[in-house]
Amino acid sequence: MQKIRLSTSLTFFWKFIFPVIFIGGFLTLIIKGLAEKELVLISAFVAMFILIAVLYLFFVRAKNVYMDDNYLYVDNFFKIAKIPVSNIKSVSQLIMYPRFIFIVFKEKSEFGKRIIFIGYTEFFLFYSTHPAVHKLKSKIKTT
């Protein structure tokens, strides 16, 4: 029973570094725009709120996910949860880059009833289903 990685090895970057760089760059543009009187303060704060919400919902909540024959191993860099594959209710994805994959569990796990992870990089996927989604769905069918 060897573990296979379903999430990207860049999860740390997407979860911790990318949001800081993106928010820092956005704040720099807002400050510059406000200093030059090109931005309206309210619209800048609304845009910043939306940006932070999107970064939190998709990137900051991302987990490392591994799978073996019977379990998912979900890791948020602070703790690891071992979740039976039989607890998976559904798997879905957003077709964009990076590829966000969502897992809904039948019962609540240590990370809640839903988790999100960023699928490993697979070139030439375009609008097709990510291989990690295929692997998870095939596991659901066999359990």
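Residues numbered from 1 in each chain as written. Predicted model: local features only at pLDDT ≥ 70, side-chain atom pairs only at ≥ 80, totals over all residues. Heavy atoms only, no water.

Enquirer: Honestly, helix 2 (residues 41–60) in this entry has me stumped. Any pointers?
Expert: Given 3.6 residues to a turn, an α-helix orients residues that are three or four positions apart in the same direction. Along helix 2, the positions that sit buried rather than exposed are A44, M48, L51, L55 and F59. Looking straight down helix 2, one finds that the buried residues subtend no more than 65 degrees of arc, so they occupy a single side. In helix 2, the exposed residues that point more than 90 degrees away from the buried face are I42, F45 and F49. Those residues of helix 2 that are buried lie in contact with helix 1 (11–35), strand 2 (62–67), strand 6 (100–109) and strand 7 (112–118). (Buried < 20%, exposed > 50% of the residue type's maximum accessible area, 1.4 Å probe, protein only. Helix = DSSP H or I, 4+ residues; strand = E, 2+ residues; numbered from the N terminus. Arc of directions from axis to C-beta. Contact = heavy atoms within 4.5 Å.)

Enquirer: Could you clarify how one ought to interpret the nonpolar core in this entry?
Expert: In summary, soluble globular proteins display a tendency toward joint burial of nonpolar side chains. By size, the foremost hydrophobic cluster in this structure holds 20 residues, and its most contacted members are L6, L72, I88, I103, F117 and L136. Sorting the residues of this core by element identifies strand 2, strand 3 (71–75), strand 4 (80–84), strand 5 (88–93), strand 6, strand 7 and helix 3 (131–142) as the ones contributing at least two each. Residues in contact with I103, not counting those within four places in the same chain, are L72, I88, S90, V91, K113, R114, I115, F117 and L136. Residues W14, A44, F100 and I118 belong to the second largest nonpolar core, which totals 11 residues. (Core = buried A, V, L, I, M, F, W, Y, C linked by side-chain atoms within 4.5 Å.)

Enquirer: Looking at this model, I keep getting lost on the pairing of strand 6. Mind explaining?
Expert: If a strand is regular, its side chains alternate between the two faces of the sheet. As paired strands, strand 5 and strand 6 are joined by five bridges and run antiparallel to one another. By the bridge assignment, I88 is partnered in strand 6 with F105. If you look at the hairpin formed by strand 5 and strand 6, you'll find six residues sitting between the two strands. Of the pairings in the sheet, the one linking strand 6 to strand 7 comprises six bridges and is antiparallel in character. Looking across to strand 7, one finds that I103 is bridged to I115. Two successive antiparallel strands, strand 6 and strand 7, enclose a turn made up of two residues. (Pairing = 2+ DSSP bridges.)

Enquirer: It is not clear to me how the environment of Y66 should be interpreted in this structure. Could you clarify?
Expert: Within the secondary structure layout, Y66 lies in strand 2. With relative accessibility at 23%, the residue Y66 sits in the partly exposed group. Sequence separation between Y66 and L6 is 60 residues; the distance between their C-alpha atoms is 5.4 Å. The residues contacting Y66, other than those within four sequence positions of it, are K3, I4, R5, L6, Y71, L72 and Y73.

Enquirer: Could you clarify how one ought to interpret the packing of helix 1 against helix 2 in this entry?
Expert: Angle between the axes and distance between the axes: these two values describe a pair of packed helices. Two elements in contact, helix 1 and helix 2, have axes separated by 10 Å at closest approach and are oriented at 175 degrees. Taken together, helix 1 and helix 2 sit at an angle that is classed as roughly antiparallel. Side by side, helix 1 and helix 2 meet where W14, K15, F18, P19, F22, I23, F26, L27, I30 and L34 of the first sit next to L41, A44, A47, M48, L51, I52, L55, F59 and V60 of the second. Of the residues assigned to the contact of helix 1 with helix 2, the class counts are 18 nonpolar, no polar and one charged. (Axes fitted to C-alpha atoms, helices over the stretch in contact; angles between N-to-C directions. Parallel < 35°, antiparallel > 145°, perpendicular 65-115°, else oblique. Nonpolar A, V, L, I, M, F, W, Y, C, P; charged D, E, K, R; others polar.)

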